[in-house]
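# Tertiary structure, described
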Amino acid sequence: MKRIKVGIIGQGRSGRDIHRHLLECCAPLKERFDVVAVADPIAERRANTNEGANPECKHYADYKEMLQDKNIELIVNACRSHKHVDISIEAMEAGFNVLCEKPLAKCVADVDRLFEVQKKTGKFFAVFQQARFRPLFTKMCDIIKSGVLGEIAMVKVAYNGFGRRWDWQTIQGLNGGELLNTAPHPLDQMISLWDIFGESDPDEIFSKLAVINNLGDAEDFVKVVLKGEGHPIIDLEVTKECLFPGKMYQVFGANGSLVADGNTIEYKYYIPADAPEKQLSVAPLEGEGRLPLYCWEKLNFYSEKIELPEAVNSFDDWGTRYYTNIYNAITNGEPLVVKLSQVRRQIAIIEECHRQNPMKTFVEVPEGTL
């Protein structure tokens with residue numbers, strides 16, 4: 001089996017603890033990828049610490065030097081968010097295929113600028129959205145598509161928790177904030193779910209962004225509601241002000257409901273053909289002795305519960321599934337599961353949310369910051 005030679009730009013929490021970990025420690029990926037170079041200005045982060053690391057992996061303090069290494073076949077761009085577009089363009093123009101961390105960009109104009117370079121160079125390009133492969137989510141989509149819940153009125157998604165942050169992910173000038181940091185995961189999932197009902201842009205977007213607990217100037221409270229003809233309402237929350245987060249996913253359907261969180265999916269539904277036939281009544285309902293009667297019936301609900309094996313619903317599993325699609329796309333031309341057109345629509349939603357919620361910028365980022 002061909003092994004794709006990989007160079008990783010950035011050895012922070014994503015480059016080192018996600019991408020390098022996946023490619024050097026997960027058996028199915030070690031057969032398909034070989035990390036031959038990493039770049040980071042901090043020597044301690046470049047060190048080979050994983051048991052499966054290539055002992056001949058080259059270390060670069062400057063990613064620009066790594067882009068001179070023509071032995072590399074795929075660049076993983078795991079630099080900080082504000083440099084995703086520029087460094088991805090630089091890598092493609094240097095002749096490399098590129099996989100970029102999320103968020104790809106803050107505005108559609110930057111996405112289109114990058115896509116133009118991809119078209120011109122003919123290089124492979126993808127965005128790391130591994131949560132699309134989370135079995136909890138994919139199984140939920142299968143249940144929705146089965147029709148057992150009937151017409152879907154709304155899907156609520158909550159990536160909520162409680163905490164304070166004071167790192168670079170709280171700074172607007174570095175493309176920080178929960179909308180660009182955490183929300184791309186559920187937004188990517190919701191665009192995928194949205195497309196079950198037809199690929200289109202939302203007709204309406206409502207959003208609220210606010211800085212509550214962050215020490216920086218980027219939001220830690222996110223509320224986004226998407227509405228479109230023929231689509232369910234998509235209601236998304238990503239907040240750091242919630243100590244009682246509840247279920248991650250809730251689905252509201254005509255025939256039943258679903259909740260999903262952790263490794264568990266539960267749903268209840270009735271079968272319309274088995275329910276007693278009813279007639280619409282203009283007159284008030286009456287019971288015995290013509291006493292007023294509340295409109296109520298007892299339906300026969302079926303309950304289903306799915307417990308996903310922890311190993312199948314782990315972060316490493318999602319990442320392995322994602323990277324397997326990347327490998328097959330590069331070597332065999334398999335279509336990307338996370339389409340670039342969907343990434344562009346995600347960024348369009350993010351840009352509109354920022355337009356609706358202009359926030360004061362009070363943290364200055366020095367010119368040339370990486």
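What comes next concerns the included structure. (Residues numbered from 1 in each chain as written. Predicted model: local features only at pLDDT ≥ 70, side-chain atom pairs only at ≥ 80, totals over all residues. Heavy atoms only, no water.)

### Here we look at the overall build of the chain
Scanning the chain from terminus to terminus reveals eleven helices and 14 strands. Counting over 370 residues, the chain shows a buried share of 49%. Long-range pairs, those at least 24 residues apart, make up 72% of the contacts in the chain between residues at least 6 apart in sequence. On the chain, roughly 18200 Å² of surface is accessible, and the fraction owed to carbon and sulfur atoms is 52%. (Helix = DSSP H or I, 4+ residues; strand = E, 2+ residues; numbered from the N terminus. Buried < 20%, exposed > 50% of the residue type's maximum accessible area, 1.4 Å probe, protein only. Contact = heavy atoms within 4.5 Å. Areas by Shrake-Rupley, 256 points an atom, 1.4 Å probe, with all protein chains shown as cover.)

### Looking at the sheet that holds strand E2 (residues 33-39)
Strands sit in the order E3-E2-E1-E4-E5-E6 across an open sheet of six strands; the sheet is parallel. A strand with exactly one partner marks an edge of an open sheet, and here the two such strands are strand E3 (58-60) and strand E6 (125-128). This sheet shows a mean twist of 25 degrees between the axes of neighbouring strands, independent of strand direction. Here strand E4 (residues 74-77) pairs with strand E5 (residues 97-101) via four bridges, running parallel. Bridge assignment links Val-76 to a residue of E5, and that residue is Leu-99. Sitting on the sheet, helix H10 (residues 315-332) touches strand E1 (4-9), E2, E4, E5 and E6, and the angle it makes with E6 is about 180 degrees. (Pairing = 2+ DSSP bridges. Axes fitted to C-alpha atoms, helices over the stretch in contact; angles between N-to-C directions.)

### Some thoughts on the side chain of Gln-130
Structurally, Gln-130 is set in the loop between E6 and helix H7 (135-146). Given a relative accessible area of 3%, Gln-130 falls into the buried group.

### Some words on H7
For H7, spanning twelve residues, the distance from its first C-alpha to its last is 16 Å, which sits close to the expected 16 Å at 1.5 Å a residue. Inspection of H7 places Pro-135, Leu-136, Phe-137, Met-140, Cys-141, Ile-143 and Ile-144 among the buried residues, and these make up the whole buried set. (Expected span 1.5 Å × (residues − 1).)

### Notes on the pattern of salt bridges
Note that side chains of opposite charge can pair when their charged atoms are close. A complete count under the given rule lists 22 salt bridges for this structure. We note a salt bridge from Arg-3 to Asp-34, for which the minimum N-O separation is 3.7 Å. Placement of the pair is Arg-3 in the segment before E1 and Asp-34 in strand E2, with a sequence separation of 31 residues. Connected through salt bridges with shared partners, the residues Asp-86, Asp-110 and Arg-113 form a single ionic network. (Salt bridge = Lys/Arg side-chain N within 4 Å of Asp/Glu carboxyl O.)

### Side note on the sheet that holds strand E14 (residues 302-307)
Overall, mixed pairing links the eight strands, which are arranged E8-E9-E10-E7-E11-E12-E13-E14 in an open sheet. Since the sheet does not close on itself, it has two edges, and those belong to strand E8 (204-210) and E14, each with one partner. In this sheet, neighbouring strand axes are inclined to one another by 10 degrees on average, regardless of whether the strands run parallel or antiparallel. Note that strand E11 (residues 249-253) and strand E12 (residues 256-261) share four bridges and pair antiparallel. Following the sheet pairing, Phe-252 is matched in E12 by Ser-257. Here H7 sits on the sheet and contacts strand E7 (152-158), E11, E12, strand E13 (264-269) and E14; the angle it forms with E13, its principal contact strand, is near 15 degrees. Contacts from helix H9 (residues 184-194) reach E7, strand E9 (221-227), strand E10 (233-239) and E11, with the element oriented near 175 degrees to E10.

### Brief notes about the packing of helix H5 (residues 84-93) against helix H6 (residues 108-121)
In contact at an axis separation of 10 Å, H5 and H6 are set at 5 degrees when each is read in the N-to-C sense. As the angle between them shows, H5 and H6 are arranged roughly parallel. Seen from H5, the contacting residues are Val-85, Asp-86, Ser-88, Ile-89, Met-92 and Glu-93; seen from H6, they are Asp-110, Arg-113, Leu-114, Val-117, Gln-118, Lys-120 and Thr-121. Class assignment for the residues of the contact of H5 with H6 results in five nonpolar, three polar and five charged. (Parallel < 35°, antiparallel > 145°, perpendicular 65-115°, else oblique. Nonpolar A, V, L, I, M, F, W, Y, C, P; charged D, E, K, R; others polar.)

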